[in-house]
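# Fold and geometry: a report
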Amino acid sequence: MMDETSTHLYVPTPLEAREVCLGPDGSVAHVTRVIRMIHGRWKLPILFRLYADPSMRTLQLKRDLPGISQKMLTQHLRELADDGLVDRVDFCEKPLRVQYQLSEMGRQLLPVLIAARRFSTRHPA
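Residues numbered from 1 in each chain as written. Predicted model: local features only at pLDDT ≥ 70, side-chain atom pairs only at ≥ 80, totals over all residues. Heavy atoms only, no water.

## Considerations on unusual backbone geometry
Worth spelling out the cut-off: Numbering of helices and strands runs from the N terminus, with a helix taken as a DSSP run of H or I at least four residues long and a strand as a DSSP run of E at least two residues long. For every residue, the accessible area (1.4 Å probe, protein chains only) is compared with the maximum for its type, and the residue is labelled buried under 20%, exposed over 50%, or partly exposed between those bounds.
Residue proline 95 is bonded to the preceding lysine 94 through a cis peptide linkage, with omega at -5°. Among the secondary structure elements, proline 95 is positioned in the loop between strand E2 (86–90) and strand E3 (98–102). A positive phi angle is found at cysteine 92, which is not glycine, with a value near 50°. Counting through the fold element by element, cysteine 92 comes out in the loop between E2 and E3. The class of cysteine 92 is exposed, set by a relative accessible area of 72%.

Structure below.
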């Protein structure tokens, strides 16, 4: 029996085609994954700052993002690195010297973010 409150059951596609959109490897899952990767107050500012400058140290990022705490900067950089959007370059020196740069995957995300900006400017709130 169909649950009448489940709106996804009314997707105007044949039953066998719904898997393409709603299945575990469907479009919804992939778009949700990308949104999760960039979700967070400081992730987009960090990414756009790294688009402008190919490699930056943590202190410079902190200076360029007024209002971000060291804890949040570290947390978001770690998450971006875990998701493969940012590379952490450790120079194995004393004192510790680390730089962050966009990974190839992070650079490939730029056109998607530009398209999202274009969509937003064409459809104001």
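## A few points about the pairing of E3
In regular strands, side chains alternate between the two faces of the sheet. To be explicit about the condition: A pair of strands counts as paired when DSSP detects no fewer than two bridges linking them.
With respect to burial, E3 is a largely interior element, 4 of its 5 residues being buried. Here strand E1 (residues 55–57) pairs with E3 via 3 bridges, running antiparallel. Among the inter-strand pairings, arginine 57 is bridged to a residue of E3, identified as glutamine 99.

## A short note on helix H6 (residues 104–122)
What counts here: One fewer than the residue count of a helix, multiplied by 1.5 Å, yields its expected span. Given a residue, its bend is the angle between the two axes fitted to the seven residues that end at it and to the seven that start from it. Residue contacts follow a heavy-atom distance rule, with two residues in contact if any of their heavy atoms lie within 4.5 Å.
For H6, spanning 19 residues, the distance from its first C-alpha to its last is 29 Å, which sits close to the expected 27 Å at 1.5 Å a residue. Along H6, the helix axis deviates most sharply at leucine 110, where the bend reaches about 25°; the proline proline 111 sits within four residues downstream. Residues Gly106, Leu109 and Leu113 constitute the buried set of H6. Buried residues along H6 sit in contact with helix H2 (27–38) and helix H3 (43–52).

## Things to note about the pattern of salt bridges
Applicable threshold: Here, a salt bridge means any side-chain nitrogen of Lys or Arg that lies within 4 Å of a carboxyl oxygen of Asp or Glu.
Going through the model one piece at a time under the given rule, you end up with 7 salt bridges. A salt bridge links aspartate 53 to arginine 49; the shortest N-O distance between them is 3.9 Å. Residue classification places arginine 49 among the partly exposed positions, given a relative accessible area of 21%. Notably, a salt bridge pairs arginine 97 with glutamate 93, separated by 3.1 Å at the nearest N-O pair. The exposure class assigned to arginine 97 is partly exposed, which follows from its relative accessible area of 25%. Ionic contacts of the salt-bridge type, sharing partners, join the residues Arg49, Asp53 and Asp64 into one network.

## Notes on the side chain of aspartate 83
With respect to the helices and strands, aspartate 83 occurs in the loop between helix H5 (70–82) and E2. If near-sequence neighbours (up to four positions away) are discounted, aspartate 83 is found in contact with Arg36, Met37, Lys43 and Met105.

## Re the packing of aromatic side chains
We count it as follows: Centres within 6.5 Å make a pair out of two Phe, Tyr or Trp rings, where for Trp the six-membered ring is used; the pair is then stacked when the planes are under 30 degrees apart, edge-to-face when over 60, and tilted otherwise. Distance and angle both matter: a charge sits over a ring if NZ of Lys or CZ of Arg is within 6 Å of the ring centre and within 35 degrees of the ring normal.
This structure, assessed with the given rule, holds 1 aromatic pair. Taken together, a centroid distance of 5.6 Å and an interplanar angle of 70° make the contact between phenylalanine 48 and tyrosine 51 edge-to-face. Taken together, the residues span about one helical turn, with phenylalanine 48 and tyrosine 51 both in helix H3 at a distance of 3 residues. Stacked on the ring of phenylalanine 91, the Lys or Arg arginine 97 has its end atom at 3.7 Å from the ring centre.

Any functional reading would require information that these geometric values do not contain.
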